[in-house]
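Next come the chains, spelled out residue by residue.
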Number of protein chains: 2
Amino acid sequence: MTILRSPAGIPDATVARLPLYLRALDELAASGTDVCSSEHLATAAGVNSAIVRKDLSHLGSYGTRGVGYDVRFLAGHIATVVGQTQPWPVVIVGAGHLGSALAAYQGFGARGVKVAAVVDADPALVGTVVGGHEVRSIDALTDVIEYGEVSLAIISTPPAAAQSVADALVAAGITSILNFAPTALQVPPHVDLRQVDVAAELQILGYHAHHRRQADPAEEAVLS
Amino acid sequence: MTILRSPAGIPDATVARLPLYLRALDELAASGTDVCSSEHLATAAGVNSAIVRKDLSHLGSYGTRGVGYDVRFLAGHIATVVGQTQPWPVVIVGAGHLGSALAAYQGFGARGVKVAAVVDADPALVGTVVGGHEVRSIDALTDVIEYGEVSLAIISTPPAAAQSVADALVAAGITSILNFAPTALQVPPHVDLRQVDVAAELQILGYHAHHRRQADPAEEAVLS
DNA sequence: GAGTGTGAACACTTTCACAGCC
DNA sequence: GGCTGTGAAAGTGTTCACACTC
């Protein structure tokens, strides 16, 4: 029925890179590029060209051999695949430093994300405005989600509160959660959970730095 | 010469999980648990037990068959492997909403991260205090890094500024960068770069949500 | 009995290399 | 000639299942 074949069964690793391609293509389009090669797109997205071609082939790609990809067309196609033809409303739970920063983040609009509401448990924060959004009570969570047809949630609470927030979100019908609190959340299997742990990222960098030190005494020597 | 065998060649996937184990073990220790099984640690870290055992075996693990792992001992051992015996000083470049939130984050200390300095290019921000750190000029970057022996940097600038900041960091001797700006940074091969892209994370969640809708009409039926 | 440590099977991902098309 | 699209190969990561130890 649909003209574009619905590309089911895209590998996870590919899905995780589609947003990068989308971002890169938007940049290319903004800089006036109409057509780009896989090599070109690869550097713009920070990956290598073989992987770009493989990834795009999973979408039943629409490149032209000997030429490359039509930047706008490809961007539109990926946006469709990602389901980003209209913005996803997201609720931010926790209006502390991080939650406020996210609520104020200007870059969401261009990436298909719309902050639908910001809620917090702290009565002192309820009623204040962060990033143009009035903070509402966490008790209104269900209303906010149902009324706004929200299906994505961000948890930016202290770790101790994160699990009960997750439970409340799941109870309210949320099926996709992005958790910034450094805790392993327990959610039912039908809920899609992603984790961002800044301290963990730094520790991973630390590990590599630590091992460069004791493993590469030659590194300095190369320059001398 | 060292008593503990230096565990070289740990797989990347394992390294990426070590911080999670560390966090989980600290929580277990705080709740008075002295010994834990791989199953126990797995749920606390949000992974499965087979992977815990495999990961720990790469460290030349020190568990006891039939019993489990000594929580404190294992935590100490992983901390050593990660190089987290003393805190890593980190410089935050960009004191906007996100940079401020990171500077103010209370959880770094317990995870072996110490904010050494916060710098920004905006003269209006220089001199202000965020999270107890006085914002310094980006011109002082080299001084800050050399004086503080900083080897980790966080970029939390607008995307347009990120590449030149990265160049400056590399020039100042930084070899590990955590980039929050949504751009693909170009860095020399000896520099370790990790990327956090919140919008991309949400888009990945969006993709799955989008496909659940059109793929699982049965999901509702299961409950009815 | 309980639970680790690990080889072997499996699954997934990336890279290679080149046929096919513009 | 240049670049895509893709099988086949190589590499990496996860899961299984069970011998082994306490």
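Residues numbered from 1 in each chain as written. Chains lettered and ligands numbered in written order. Predicted model: local features only at pLDDT ≥ 70, side-chain atom pairs only at ≥ 80, totals over all residues. Heavy atoms only, no water.

**Here's the deal with the sheet that holds strand β9 (residues 192-195) of chain B**
All names here are of chain B.
Move 1: One open sheet accounts for seven strands, arranged β5-β6-β4-β3-β7-β8-β9; its pairing is mixed. Unpaired on one side and paired on the other, β5 (129-130) and β9 mark the two borders of the sheet.
Move 2: Examined bridge by bridge, β5 and strand β6 (residues 133-137) share two bridges and lie antiparallel to one another. Note on β6: the bridge partner recorded for valine 129 is glutamate 134.
Move 3: The sheet contacts of helix α5 (residues 97-104) involve β3 (88-93), β4 (113-120), β5, β6 and β7 (152-155), and relative to β3 the element is tilted by about 155°. (Pairing = 2+ DSSP bridges. Helix = DSSP H or I, 4+ residues; strand = E, 2+ residues; numbered from the N terminus. Contact = heavy atoms within 4.5 Å. Axes fitted to C-alpha atoms, helices over the stretch in contact; angles between N-to-C directions.)

**Regarding the nonpolar core**
Move 1: Leu202(A) and Leu202(B) are the most contacted members of the largest nonpolar core, which totals 44 residues.
Move 2: Ignoring sequence-local partners within four residues, the contact set of Leu202(A) consists of Val90(B), Phe108(B), Val113(B), Leu152(B), Ile154(B) and Leu178(B).
Move 3: Formed by 28 residues, the second largest nonpolar core is a distinct cluster that contains Ala24(A), Leu41(A), Val71(A) and Ile78(A). (Core = buried A, V, L, I, M, F, W, Y, C linked by side-chain atoms within 4.5 Å. Buried < 20%, exposed > 50% of the residue type's maximum accessible area, 1.4 Å probe, protein only.)

**Some words on the environment of Cys36(A)**
Move 1: Of note, Cys36(A) is situated in strand β1 (residues 35-36).
Move 2: When sequence neighbours within four positions are dropped, the list of residues in contact with Cys36(A) reads Leu25(A), Leu28(A), Leu41(A), Gly68(A), Tyr69(A) and Val71(A).

**Brief notes about the pattern of salt bridges**
When charged atoms on two side chains of opposite charge get close, those side chains can pair.
Move 1: Counted by the stated rule, this structure contains eight salt bridges over all chains.
Move 2: A salt bridge links Arg17(A) to Asp55(A); the shortest N-O distance between them is 2.6 Å. Of this pair, Arg17(A) sits in helix α1 (residues 12-30) while Asp55(A) sits in helix α3 (residues 49-58), placing them 38 residues apart in sequence.
Move 3: On the basis of relative accessibility, which here comes to 2%, the residue Asp55(A) falls in the buried class.
Move 4: A salt bridge links Glu201(B) to Arg194(A); the nearest nitrogen and oxygen atoms lie 2.5 Å apart. A residue pair is termed interchain when its members come from two chains, as with Glu201(B) in helix α8 (residues 198-215) and Arg194(A) in strand β9 (residues 192-195).
Move 5: Because the salt bridges share partners, they merge into one network encompassing Arg23(A), Arg111(A) and Asp197(B). (Salt bridge = Lys/Arg side-chain N within 4 Å of Asp/Glu carboxyl O.)

**Some thoughts on the relation of the copies chain B and chain A**
Move 1: Screw-axis analysis of chain B against chain A gives a translation of 0.0 Å along the axis, an RMSD of 0.0 Å, and a rotation angle of 180°. With respect to symmetry, the two chain copies, as superposed, fit the operation of a two-fold axis.
Move 2: In this assembly the copies share their binding face: 100% of the residues contributing to the interface of chain B also contribute to that of chain A. (Least-squares fit on C-alpha atoms with pLDDT ≥ 70 in both.)

**Quick notes on the protein's contact with DNA strand D**
Move 1: Looking at DNA strand D, there are 24 residues lining it, with Ser38(A), Gly63(A), Tyr69(A), Arg17(B) and Asn48(B) nearest.
Move 2: Here DNA strand D approaches the protein such that, of its atoms within 4 Å, sugar and phosphate make up 64%.
Move 3: Ala13(B) has a polar backbone atom sitting 3.5 Å from a phosphate oxygen of DNA strand D.
Move 4: For DNA strand D, a base nitrogen lies 3.4 Å from a polar atom in the side chain of Arg53(B).
Move 5: Those elements that place two or more of their residues in the surface near DNA strand D are α3 of chain A together with α1 (12-30) and α3 (49-58) of chain B.
Move 6: Its residues assigned to classes, the surface near DNA strand D shows six nonpolar, ten polar and eight charged. (Near = heavy atom within 4 Å. Polar contact = N/O pair within 3.5 Å; in protein donor to acceptor, adjacent residues only side chain to side chain. Nonpolar A, V, L, I, M, F, W, Y, C, P; charged D, E, K, R; others polar.)

**Details of the protein's contact with DNA strand C**
Move 1: Around DNA strand C lies a shell of 23 residues, among which Arg17(A), Asn48(A), Ser38(B), Ser61(B) and Tyr69(B) are the nearest.
Move 2: Backbone sugar and phosphate groups make up 63% of those atoms of DNA strand C lying within 4 Å of the protein.
Move 3: A distance of 3.1 Å is found between a sugar or linking oxygen of DNA strand C and a side-chain nitrogen or oxygen belonging to Arg65(B).
Move 4: Counting residues per element, the ones that place at least two in the surface near DNA strand C are α1 and α3 of chain A together with α3 of chain B.
Move 5: Grouping the amino acids of the surface near DNA strand C by side-chain chemistry returns five nonpolar, ten polar and eight charged.

**Considering the UniProt feature "DNA-binding region" (unreviewed entry) in chain A**
Move 1: Residues annotated by UniProt as "DNA-binding region" (unreviewed entry) correspond here to residues 20-59 of chain A.
Move 2: Secondary structure content for residues 20-59 of chain A is 72% helix and 5% strand, and the end C-alpha separation is 15 Å. (UniProt positions renumbered as here; feature names shortened; annotations may be inferred.)

**What to know about the interface of chain B and chain A**
Move 1: Contacts between chain B and chain A engage 67 residues on the former and 67 residues on the latter.
Move 2: In total, chain B and chain A occlude about 5600 Å² of area from one another, counting both sides; carbon and sulfur atoms represent 64% of this.
Move 3: Inspection of the chain B/chain A interface yields six salt bridges.
Move 4: The residue Arg23(A) makes a salt bridge to Asp197(B) at a minimum N-O spacing of 2.5 Å.
Move 5: The greatest single-element share of the side of chain B that touches chain A, amounting to 17 residues, is contributed by α8(B).
Move 6: For the side of chain B that touches chain A, the per-class residue count stands at 36 nonpolar, 20 polar and eleven charged. (Buried area = accessible area lost by both parts, 1.4 Å probe.)

**Focus: the packing of aromatic side chains**
Residue and element names in this part refer to chain B.
Move 1: One pass over the full model with this rule turns up four aromatic pairs over all chains.
Move 2: Ring centres of tyrosine 105 and phenylalanine 108 lie 4.8 Å apart, and the angle between their planes is 90°; on these two criteria the pair is classed as edge-to-face.
Move 3: Note on phenylalanine 108: relative accessible area 3%, which makes it buried. (Phe/Tyr/Trp six-rings, centres within 6.5 Å; stacked < 30°, edge-to-face > 60°.)

**Examining unusual backbone geometry**
All names here are of chain A.
Move 1: Phi at glutamate 149 takes a positive value of approximately 50°, unusual for a residue other than glycine.
Move 2: When you line up the elements, glutamate 149 lands in the loop between α6 (141-148) and β7 (152-155).
Move 3: For glutamate 149, a relative accessible area of 64% translates into the label exposed.

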